Each structure stands twice: as C-alpha cells, then as structure tokens.
Amino acid sequence: MEKYHVMHTDRDGMIAASFLLLYLVFAYLLVYWTKTVSGITLTRENFIVNIIMYVIPCLSVVSMVYFKEATLSSLGMNKGKSLWILGLMILSLIFYTQDLLLKIIIIVISEEIIFRGYAAKRLRASFGTWGSIVIAGVILGLLYSVIPFVSKNITLIQLSLNMLIGLSTQLILQKMYFHYNNIIMTMVFHTGVLFIAL
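Summarised in this report is the structure supplied together with it.

Definitions and cut-offs
Residues numbered from 1 in each chain as written. Predicted model: local features only at pLDDT ≥ 70, side-chain atom pairs only at ≥ 80, totals over all residues. Heavy atoms only, no water. Helix = DSSP H or I, 4+ residues; strand = E, 2+ residues; numbered from the N terminus. Buried < 20%, exposed > 50% of the residue type's maximum accessible area, 1.4 Å probe, protein only. Contact = heavy atoms within 4.5 Å. Areas by Shrake-Rupley, 256 points an atom, 1.4 Å probe, with all protein chains shown as cover. Core = buried A, V, L, I, M, F, W, Y, C linked by side-chain atoms within 4.5 Å. Salt bridge = Lys/Arg side-chain N within 4 Å of Asp/Glu carboxyl O. Patch = residues over 30% accessible without salt bridge, like charges linked within 9 Å, V, L, I, M, F, W, Y side chains within 5 Å.

1. Comments concerning the overall build of the protein chain
Helix and strand content of the protein chain: 7 helices and 0 strands. Moving toward the C terminus, one meets the helices and strands of the protein chain in the order α-α-α-α-α-α-α. Out of the 198 residues belonging to the protein chain, those deemed buried represent 46%. Of the contacts made within the protein chain by residues no fewer than 6 positions apart, 75% connect residues no fewer than 24 positions apart. Summing over all exposed atoms, the protein chain offers an accessible surface of approximately 10,300 Å²; the carbon and sulfur share of this is 72%.

This is how it looks when you write it as structure tokens:
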C-alpha cells in the first residue's frame, strides 16, 4: 500500500459534488442524444454509448487525481490494484459483447472509482459522512433513472425506487469503502449483487 495520504478540503468536496452533477447531466444528454437504451441490449451503438458514459468519465477521474496528487491512493488504489483494475477493464472492453458479466464489470469499475474512490472521501470532507452518502446516493439514483426518463417510461414510484436503490447502494458500499479503504472489495461486492440481480 502506498504510504502517501491525502487530506481533502471543503474545496475538494465542492469540486467532487460539481463533477457528479456534471456527470449526471452529461449522462442524460448522452442517452437522450443517442436515444439508445444503454445497458440493456448488446448492440454496437450501445457499446459506444457505454464507453462514453462510463469509461471516459472514469479515466478522467483517475487522470485528474493522479496529476493533482501524483498517487492513486486517495481512490483506494495502489500500483498493483491499479494495474489489476486497468487489465480487467481492458479485457471487459475486448470481450464486451460476449458476456453480460463483462458489461457489468465495466459499469461497476467506473461507478466504484467515480462514486466511492473519487467522490466519497472528498464529499465527506465538505458535507460529513451522512451528507456525502445522501448527495452521492441521490445522484446515483438519478443516474439509474437516465434510461427510463429518456424513454419516457418512468413513474414517480419508479423514480422513488431508483432513488432508494441509489441511496442504499451508496450507503452499503460507501460504509464498506470507508471501513476497509479497499476499492477492490467494493467492486467485487457490487459485481456480485448486480450479477445476482440480473
């Protein structure tokens, strides 16, 4: 484990909150623009949408943190974990249309790096533990609502359910991440839950 520890400030928390909001708007605009049902069918268009919606923001976060802090330890990663995660993401991209599990892995790695690795500790610096869970959970719930919203197939009950799922996901995974400071553990748990759910 890298010994470099980063203390996050209120400014970092506000930047993280702004990034999550921009990411949410970006996801809605992307799905609306392409009018593709992302994450459901294994089509080429969907592959490109998922790369733009998940992989590019994830790599942006990793690059932003690395260039600012010269380490990835604040994302819950060290050099060994980073290589393992990068390799898994590349393999998932190569065999993307072959298996639903590989598709889930891309989404999980991206969500974990963005919501737990990047945003969790930074939001906690500004808004406290529960504030960070609520902010990230609401944004995650709204992110889960992108496809139904764009396809105009969402009711208030479904939106509320997506918000509850987002908050629950954030609560469990963020608490796990804060306790163990291990992003691999949250990725494996998240992958297992999604694989069972689907």
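2. Regarding the nonpolar core
Ranked by internal contacts, the top residues of the largest apolar core, which has 46 residues, are Leu-20, Leu-75, Ile-113, Phe-115 and Leu-143. Sorting the residues of this core by element identifies helix H1 (10–34), helix H2 (44–69), helix H4 (100–144), helix H6 (156–180) and helix H7 (183–197) as the ones contributing at least two each. Ranked by the residues each element gives to this core, the list is headed by H4, at 17 residues. For Leu-20, the residues in contact, after removing those within four places along its chain, are Ile-114, Phe-115, Ala-119, Leu-123, Ala-136 and Ile-139.

3. What about the pattern of salt bridges?
Under the defined criterion, the tally for this structure stands at 2 salt bridges. A salt bridge links Glu-112 to Arg-116; the nearest nitrogen and oxygen atoms lie 2.8 Å apart. Linking Glu-112 with Arg-116, this pair stays in helix H4, spanning 4 residues, or about one helical turn.

4. Concerning a nonpolar patch on the surface
A grouping of Trp-130, Leu-171, Ile-172, Phe-189 and Val-193 is seen on the molecular surface, where their side chains present a nonpolar patch of about 470 Å² in accessible area. Residue assignment for the nonpolar patch shows that the elements contributing at least two residues are H6 and H7.

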